[in-house]
Amino acid sequence: MRVPLSWLREYVDLPAGVTGRDVQAKLISAGLEVETVDQLGAGLKGPLVVGRVLTIEELEGFKKPIRFCTVDVADANGSGEPQEIVCGARNFAVGDKVVVILPGGVLPGDFQISARKTYGHTSHGMICSARELGMGEDHDGIIVLPSDAEPGTDAIELLELVDEVLDIAVTPDRGYCLSLRGVAREAAIAYGVPLRDPALLDVPAHNGDGYPVRIADPDGCDRFTARTVTGLDPRAHSPIWLQRRLQKVGMRPISLTVDITNYVMLEVGQPLHAYDRSRIDGPIGVRRAQPGEKLTTLDGAERILGTEDLVITDNSGPIGLAGIMGGADTEIADAAEAEGTTDVVIEAAHFAPIPIARTSRRHKLGSEASRRFERGTDPLATSAAVQRTVDLLVGLAGGTAEPGVTEIAAPSQPRTIAMAAGHPDRVAGTAYGRETVVRRLQEIGCEVRGGDELTVTVPSWRPDLSYPNDLAEEVIRLEGYENLPSTLPQPPAGRGLTESQLLRRRVGRVLAGAGYVEALSYPFVGAEVFDQLGLDADDARRRTVRLANPLDDTEPALRTTLLPGLLATLRRNLGRGAHDLALYETGLVFLPGAEQVLPPRLTIDRRPTDEEIAALQAALPDQPRRVGAVLAGARELPGWWGAGHTATWADAIEAARTVAGEAGVTLTVRAGQYAPFHPGRCAVLLAGEAVVGHAGELHPRVTKAFGVPERTCAMEIDLDLVEAAGGERATGPRVSTFPVATQDVALVVDAGVPAADVEAALRAGAGELLESVRLFDIFTGPQIGEGRKSLAYALRFRAADRTLTAEEASGARDAAVASAAGRTNATLRGA
């Protein structure tokens, strides 16, 4: 919202000498986002005067039309003689009043004006266009002034060329500031001066003689005001002051009637629409559109309407999209048309914000009116806005206001909020006192009654005020956020991080120590990402929690796996020149329940009950915490120390083991099939009998779909399940001071026997003396036999209280081999 300071002063007596920067600081302190203060006319210097064109001589022989003019500027040039000026514009004629800058003047942009010879004549000045004066971007022709402008008059003052304009980014909760009325109220409060409210007008009541209106959807439109003005002069133009105010706020003057409705909308905050009465067929109606109905809006586009669209109608069908844009069939005729509009019906209505917002987005059609209705307008301002429009039409276009008034309003009561007088004090952590709270609430238009318990009646223009905290925010912002004391909260003694938080920190440290870099991803996904992962149609991960208001329509759901975000980050880093990458992320996934449960609406004046908290928890999706990792390129770089190696599925499994080890859990690894992993290079990770995750090499189709290198590896593990399997916090092992006895065994088993099963059998048979088992070699070949493989293990034996004898170590090894033979049919290689 652009607010000219000169216009603002019409409603607020700002102190003398106050600049736009001063007002900006005050409004920012009150919580408004004033982004810039534009200095209009900066660098402009006169003499800039009104001139009357006396003669025009068309110059021939040039590539473009050129005119040599004489212009009467009265005594502004010091001699009273006509001013000779060369001009290329052709939209003016002899007798027209124009804007002339004389030699010595300076236009915006430091454009110095002097007498100069051009096209065979000396031009003593310049006839100016709107863009040259900084009034807009129109450069098609020069400005033609009204006929009553006197030659020699100062055009800087006449056109209000010097001004300051505040550019305010109005947040959705402060829709009332999309008007001069709303901003003036904030400025009046900031400076402690009275407000001249432009909506305080005497308005006639409904009398049944106005233009007929029928509202079929009172939920979508609860108030509708209509007045008729006849006998307008179709050739009347908007006066300069009206055009300039519209231009300063960024709107283009169109015609007198349309300009007035736009002006009143900017002044009061109530959008209006004017219909050519001769083009309306029967009563005006408000209803929902019927399927397949069509409407051509003022922008010339034909729109197919839906049943959710709120429309304005007459007997012929829809004539406008309610609260957004009117239809072309009832458009006000331009003054240049042969038969201009002489009779108009003025409409001001209050529409529900949600239907307007949905229709605006569905048709991709935003307007100044829809911006205001979406944020909530003042339902009680419709009559005043219509009255103000009628007064301006009568005064500027010579019209006559018909006595009939249509005022349809659904029964309503003002909203009241009960609040303790000390509530703002508790919210802010400071002492305002009841007197200050009441005064500040009255300043924003509230009616306040009561002592320690206040009953606050909210003004009609503040639909954002619904709860005590809303009122507390108003008090705090008007008292100044910068005046709030800085206090540190006092945490209770004896509390620190939970075991879950400590585990997450340990996991992050150990993965970082292993060479992984943490990546943080947005938790939003689209349906196509599950196709890229190669998930089956009935895969549970395709069931998602959908957001009611997503940041991006292409990603409307919450993730059920961490891999899409990690793979997108991997692809982005590869595109920026990185090749050897190991990334990890710790975060929540969101798994919807079997049934959708709506959460209860909680009050803010007390702590929720246990039942309410339980209902809230029941409405939430399951949100397990997971750890995911992806690897691509070299896991160890080659150099003088060796050849290095490329990341494989084994590195992904080792990352999962590293995570589980921080919770004191030893994972069991089994072969499996699980999208998006390669069916022959996928590991199922178990903690006891519970599946806690998967790891391996991604399927080639998945790597291609995500644009990552072939043989990219990944793992994802449920940290909550791992923590539950770990039980008590892991402690460091007891280190024996006695020497270790190492025994190597090579066992031959069928090729389909998992190495993990052989290792489990060895551990079971070796007994308490076994310290560790490590697989250090896998061999296949004709020496072993078809369908067989050799697994070589290093067994470390140690006792806590003595040095083992050779017989004890050999006995433990033989027991381990016997256990493996019994469980997996293993045989000693070479036996």
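Figured I'd write up the structure that's included with this text. (Residues numbered from 1 in each chain as written. Predicted model: local features only at pLDDT ≥ 70, side-chain atom pairs only at ≥ 80, totals over all residues. Heavy atoms only, no water.)

1. Side note on unusual backbone geometry
In this chain, G46 is followed by P47 through a cis amide linkage whose omega measures 10°. Within the fold, P47 resides in the loop between strand 2 (33-40) and strand 3 (48-59). Residue P676 is reached from A675 by a cis peptide bond, and omega for that bond is 15°. In this structure, P676 sits in the loop between strand 35 (668-671) and strand 36 (677-687). A positive phi angle, close to 55°, is found at Y119, a residue other than glycine. Looking at the element boundaries, Y119 is found in the loop between strand 9 (116-118) and strand 10 (121-123). (Helix = DSSP H or I, 4+ residues; strand = E, 2+ residues; numbered from the N terminus.)

2. A word on the pattern of salt bridges
Counted under the stated rule, the structure contains 50 salt bridges. The partner of D378 in a salt bridge is R181, with the nearest N and O atoms 3.1 Å apart. Placement of the pair is D378 in the loop between helix 8 (368-375) and helix 9 (382-397) and R181 in helix 4 (residues 180-191), with a sequence separation of 197 residues. Overall, D378 belongs to the buried group, its relative accessible area being 8%. The closest approach of N and O atoms between R235 and D233, which form a salt bridge, is 3.6 Å. (Salt bridge = Lys/Arg side-chain N within 4 Å of Asp/Glu carboxyl O. Buried < 20%, exposed > 50% of the residue type's maximum accessible area, 1.4 Å probe, protein only.)

3. Some details on helix 4
Look at helix 4: 16 Å from first C-alpha to last across 12 residues, which is about the 16 Å you get at 1.5 Å a residue. With 11 of 12 residues buried, helix 4 is to be regarded as a mostly interior element. Of the residues making up helix 4, those classed as buried are L180, R181, G182, V183, A184, R185, E186, A187, A188, I189 and Y191. (Expected span 1.5 Å × (residues − 1).)

4. Some remarks on the sheet that holds strand 1 (residues 2-4)
Pairing is antiparallel across the open sheet formed by three strands, whose spatial order is 1-13-2. Of all the strands in the sheet, just strand 1 and strand 2 have a single pairing partner and so form its edges. Going from strand to strand, the sheet's axes swing by 25° on average, the running direction of each strand aside. In this structure, strand 1 lies alongside strand 13 (residues 163-169), joined through three bridges in antiparallel fashion. Bridging across to strand 13, R2 finds its partner in D167. (Pairing = 2+ DSSP bridges. Axes fitted to C-alpha atoms, helices over the stretch in contact; angles between N-to-C directions.)

5. Some points on the environment of V86
As for its placement among the helices and strands, V86 is situated in strand 5 (residues 83-87). Its relative accessible area of 13% is what places V86 among the buried residues. Residues contacting V86, with those up to four places away along its chain left out, are I66, R67, F68, T118, Y119, H121 and S123. (Contact = heavy atoms within 4.5 Å.)

6. Brief notes about the packing of aromatic side chains
Each aromatic ring pair is described using two quantities: the centre-to-centre distance and the angle formed by the ring planes. The final tally for this structure, using the stated rule, is six aromatic pairs. Here the aromatic rings of W7 and Y263 are separated by 4.9 Å at their centres, their planes lie at 10°, and the arrangement is stacked. Linking W7 in helix 1 (residues 5-8) with Y263 in helix 6 (residues 256-268), this pair joins segments that are 256 residues apart in sequence. Comparing W7 with Y263, the two get one shared label, buried. Judged by centre distance (4.8 Å) and plane angle (90°), the ring pair of F62 and Y119 falls under edge-to-face. A residue pair is termed long-range when its members are at least 10 positions apart, and F62 in the loop between strand 3 and strand 4 (66-72) and Y119 in the loop between strand 9 and strand 10 qualify at 57 residues. For Y119, a relative accessible area of 29% corresponds to the partly exposed category. One Lys or Arg, R181, reaches over the ring of W461 and ends 5.1 Å from the middle of that ring. (Phe/Tyr/Trp six-rings, centres within 6.5 Å; stacked < 30°, edge-to-face > 60°. Lys NZ or Arg CZ within 6 Å of the ring centre and 35° of its normal.)

7. Digging into the packing of helix 7 (residues 353-362) against helix 8
For the pair helix 7 and helix 8, the least separation of the axes is 7 Å and the interaxial angle reads 140°. Comparing the axis directions of helix 7 and helix 8 gives the class oblique. Relative to helix 8, helix 7 is oriented so that their crossing is left-handed. Residue-level contacts link P353, I356, A357, S360 and R361 of helix 7 to S370, F373 and E374 of helix 8. Along the lines of polarity and charge, the residues of the contact of helix 7 with helix 8 split into four nonpolar, two polar and two charged. (Parallel < 35°, antiparallel > 145°, perpendicular 65-115°, else oblique. Left-handed = near helix turned anticlockwise from the far one by under 90°. Nonpolar A, V, L, I, M, F, W, Y, C, P; charged D, E, K, R; others polar.)

8. Quick notes on helix 2 (residues 20-29)
What helix 2 keeps buried is the set G20, V23, Q24 and L27. All buried residues of helix 2 project into a common sector of 105° when viewed along the axis, lining one side. Where helix 2 is buried, its residues touch helix 1, strand 2, strand 13 and helix 4. The first or second residue beyond helix 2 is G31, which carries a positive phi of 105°. (Arc of directions from axis to C-beta.)

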